[in-house]
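Read off the chains here:
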Amino acid sequence: MMTKRFPEGFLWGGATAANQLEGAYQEGGKGLNLADVLPGGKARLQLLGSTGFDFKIDQSKYTYPNHEGIDFYHRYKEDIALFAEMGFKVFRLSIAWSRIFPKGDELEPNEEGLAFYDRVFDELHKHGIEPLVTIAHYETPLHLTKEYGGWKNRKLVGFFERFVRTIFTRYKDKVKYWLTFNEINGATHMPLVGLGFSPDSEETRLQESFQGLHHQFVASAQAVKIGHEIIPGSQIGCMLIYAPVYSFDSNPENVMHAKQEADIFNFFCGDVQVRGEYPYFAKRYFKENNIELDIQEGDLETIKEGTVDFISFSYYMSRTEKKVKTPEELGAGNLVGGVKNPFLEASDWGWEIDPVGLRIALNELYGRYQKPLMIVENGLGAYDKVEEDGSINDDYRIDYLREHIKQMGEAIEDGVDLIGYTSWGCIDLVSMSTGEYSKRYGFIYVDKHDDGSGTLERKPKKSFYWYKNVISSNGENL
Ligand code: BGP
């Protein structure tokens, strides 16, 4: 299919996060972080939204796949060479905060950690691949969680500032594109990974989460300001988890409910980070949910001064909402909530597949903010099978990606300024929500399994060659 829609210089690539691929969780002076205490398997899903988690590692009961990841820490050269073979223009990775500041509150950084990312960035540049760095991707140093209560505590703003100053200064000649907090608006759903704490109770969840978010808004705005000072020409973005919200039907009550859910979930954080102000609907929402924020002098000015240069987001699914849900409908929707959409099929993990929703997302975001957009996560988590001849024929993944990329082309024709696309988990890695290896997203297969077995050998899947062709034709050959 010929589209000719993608602009010259479009940033095609893939996305990852340190905790899901590096492994080497105690090497190079790294301290423990939040991901290191998350068990593998379905037990994790319950934990993510739970209250009162104790942050202990119990190897007699659970496995901890993030400890080994896919050993990118030692194999990054091989992996980057494979990304280069696909023609990646950009590679999204995160810097594990606890490699740089093992406890998070030290005054001096850990040189071994800094040197590791130097090697990775140098390797990327050797292959002409631009790094896109997430500063915080669900990796709060564990000490900051245990000692300070995570992002609820104002002190983290200062610790984070030291972290960003350190990495901006160190990598100023190597990294131009930065993202502050991964999926910042997922925080109220999953405070554990987003904010580095487990709420005291259901009653206090929103109060604690929005206070934590306020601290992240200030920290993010400070990071934008500092980044622009230290790295002239740097592009610093926010990162949202975006799921367009549909009304289940044309009942105005449901339409209004869907709109309010969209406001709170999709736009709240974006409004703060892009427009530099709390949204107009925040006041009533805070009042009705008994949320009282401790906002200190200068915070609102900082937020106003530190607005982002572009908006990045993850897109996996849409969400269908109804004001009153029957018991059968409750929990029948996606990870992000809602009810089942009768028009959509779902992945093996129940995530509804909705390519048109991506065009809607792009139009909604661009319509509201008029800032360049980048899709920094999208993809299909699926079970893959290695055939007897060693091939992996992941046509389902190709179909999924093709349909989403077509809708990106449509959105560009609609007038949306889309600058890049990094598909999630370009190499198989540990799943965030379920801690499984078997939920695979990659163009590159990694021989590693949920029971811990496997050689870690890398192997291109059929989608590897397909994506290579997509990139070399700048999105024309789908
Ligand atoms: C996003 C996270 C990623 C990632 C992805 C896929 O929410 O930013 O870290 O893993 O979702 O989710 P999962 O790994 O649970 O399939």
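Scroll up to find the structure this text is about.
Everything quoted here is computed from the prediction, not taken from an experiment.

**Here we look at the overall build of the protein chain**
Then comes step 1: Each helix and strand counted, the protein chain has 15 helices and twelve strands in total.
Then comes step 2: Taking 478 residues into account, the globule formula puts the C-alpha radius of gyration at 23 Å, and the protein chain, at 21 Å, falls close to it.
Then comes step 3: The dimensions of the protein chain, computed from C-alpha atoms along their principal axes, are 60 × 55 × 50 Å.
Then comes step 4: In the protein chain, which comprises 478 residues, the proportion classed as buried is 61%.
Then comes step 5: Summarising the internal contacts of the protein chain: among those between residues at least 6 apart in sequence, 76% fall at separations of at least 24.
Then comes step 6: Taking the average place of the 53 positive charges on the side chains of the protein chain and the average place of its 72 negative ones, the gap between the two points comes to 1 Å.

**Remarks on unusual backbone geometry**
Then comes step 1: Within the chain, A24 stands out as a residue other than glycine whose phi angle is a positive 45 degrees.
Then comes step 2: Mapped onto the elements of the fold, A24 is located in the loop between α1 (18-21) and α2 (43-48).

**A look at empty space enclosed by the protein**
Summary: where empty space remains is shown by rolling a probe the size of a single water molecule over the atoms.
Then comes step 1: Per the stated rule, a full pass over the model turns up six cavities of 30 Å³ or more.
Then comes step 2: For the largest cavity, the lining is made up of 21 residues, of which E183, Y316, W351, E377 and M432 are closest to its centre.
Then comes step 3: The residue makeup of the lining of the largest cavity, split by class, is 13 nonpolar, five polar and three charged.
Then comes step 4: Considering the residues around the second largest cavity, the lining is formed by 17 residues, among which A136, H137, Y138, F181 and G194 are closest to the centre.
Then comes step 5: When its residues are assigned to classes, the lining of the second largest cavity shows ten nonpolar, five polar and two charged.

**Focus on helix α10 (residues 252-275)**
Then comes step 1: For α10, built from 24 residues, the straight-helix expectation of 34 Å at 1.5 Å per residue is missed by more than 12%, its first-to-last C-alpha distance being only 29 Å.
Then comes step 2: At F267, α10 shows its strongest bend, of approximately 55 degrees.
Then comes step 3: The opening residue of α10 is N251, an N-cap whose side-chain oxygen sits 2.9 Å from the backbone nitrogen of E253.
Then comes step 4: The positive-phi residue at the C-terminal boundary of α10 is G276, with phi of around 80 degrees.

**Some words on the site of the ligand**
Then comes step 1: Around the ligand there are 13 residues in total, and E183, M432, S433, K439 and Y441 lie nearest to it.
Then comes step 2: In the model, an oxygen atom of the ligand is placed 3.4 Å from a nitrogen or oxygen of the S431 side chain.
Then comes step 3: At 2.7 Å, a side-chain N or O of K439 approaches an oxygen atom of the ligand.
Then comes step 4: Relative to its unbound accessible area of 380 Å², the ligand is 98% covered by the protein chains.
Then comes step 5: Spatially, the ligand is embedded in the largest cavity.
Then comes step 6: Classifying every residue of the shell around the ligand gives five nonpolar, five polar and three charged.

**Re helix α15 (residues 462-472)**
Then comes step 1: Restricting attention to buried positions, one finds in α15 the residues S463, F464, W466, Y467, V470 and I471. The buried residues of α15 all sit within an arc of 165 degrees when viewed along its axis, so they share a single face.
Then comes step 2: Where α15 is buried, its residues meet β1 (11-15), α3 (72-86), α14 (395-414), β10 (418-424), β11 (444-446) and β12 (458-460).
Then comes step 3: Two residues or fewer past α15, N474 is found with a positive phi of approximately 50 degrees.

**Re the side chain of H67**
Then comes step 1: Structurally, H67 is set in the loop between α2 and α3.
Then comes step 2: In this structure, H67 is in contact with G23, A24, Y25, D36, I57 and Q59, ignoring residues within four places of it in sequence.

Quick notes on the rules
Residues numbered from 1 in each chain as written. Predicted model: local features only at pLDDT ≥ 70, side-chain atom pairs only at ≥ 80, totals over all residues. Heavy atoms only, no water. Helix = DSSP H or I, 4+ residues; strand = E, 2+ residues; numbered from the N terminus. Rg over C-alpha atoms; globule rule 2.2 N^0.38 Å. Buried < 20%, exposed > 50% of the residue type's maximum accessible area, 1.4 Å probe, protein only. Contact = heavy atoms within 4.5 Å. Lys, Arg positive; Asp, Glu negative; His and termini not counted. Charge placed at Lys NZ, Arg CZ, Asp CG, Glu CD. 1 Å grid on protein atoms, 1.4 Å probe; cavity = no way out; pocket = protein on both sides within 12 Å on 5 of 7 lines; lining within 4 Å. Points joined across faces, edges and corners; volume = space filled by probe spheres on them. Nonpolar A, V, L, I, M, F, W, Y, C, P; charged D, E, K, R; others polar. Expected span 1.5 Å × (residues − 1). Bend = angle between axes of the 7 residues up to and from the residue. Polar contact = N/O pair within 3.5 Å; in protein donor to acceptor, adjacent residues only side chain to side chain. Near = heavy atom within 4 Å. Areas by Shrake-Rupley, 256 points an atom, 1.4 Å probe, with all protein chains shown as cover. Sits in = over half its atoms within 2 Å of the grid points. Arc of directions from axis to C-beta.

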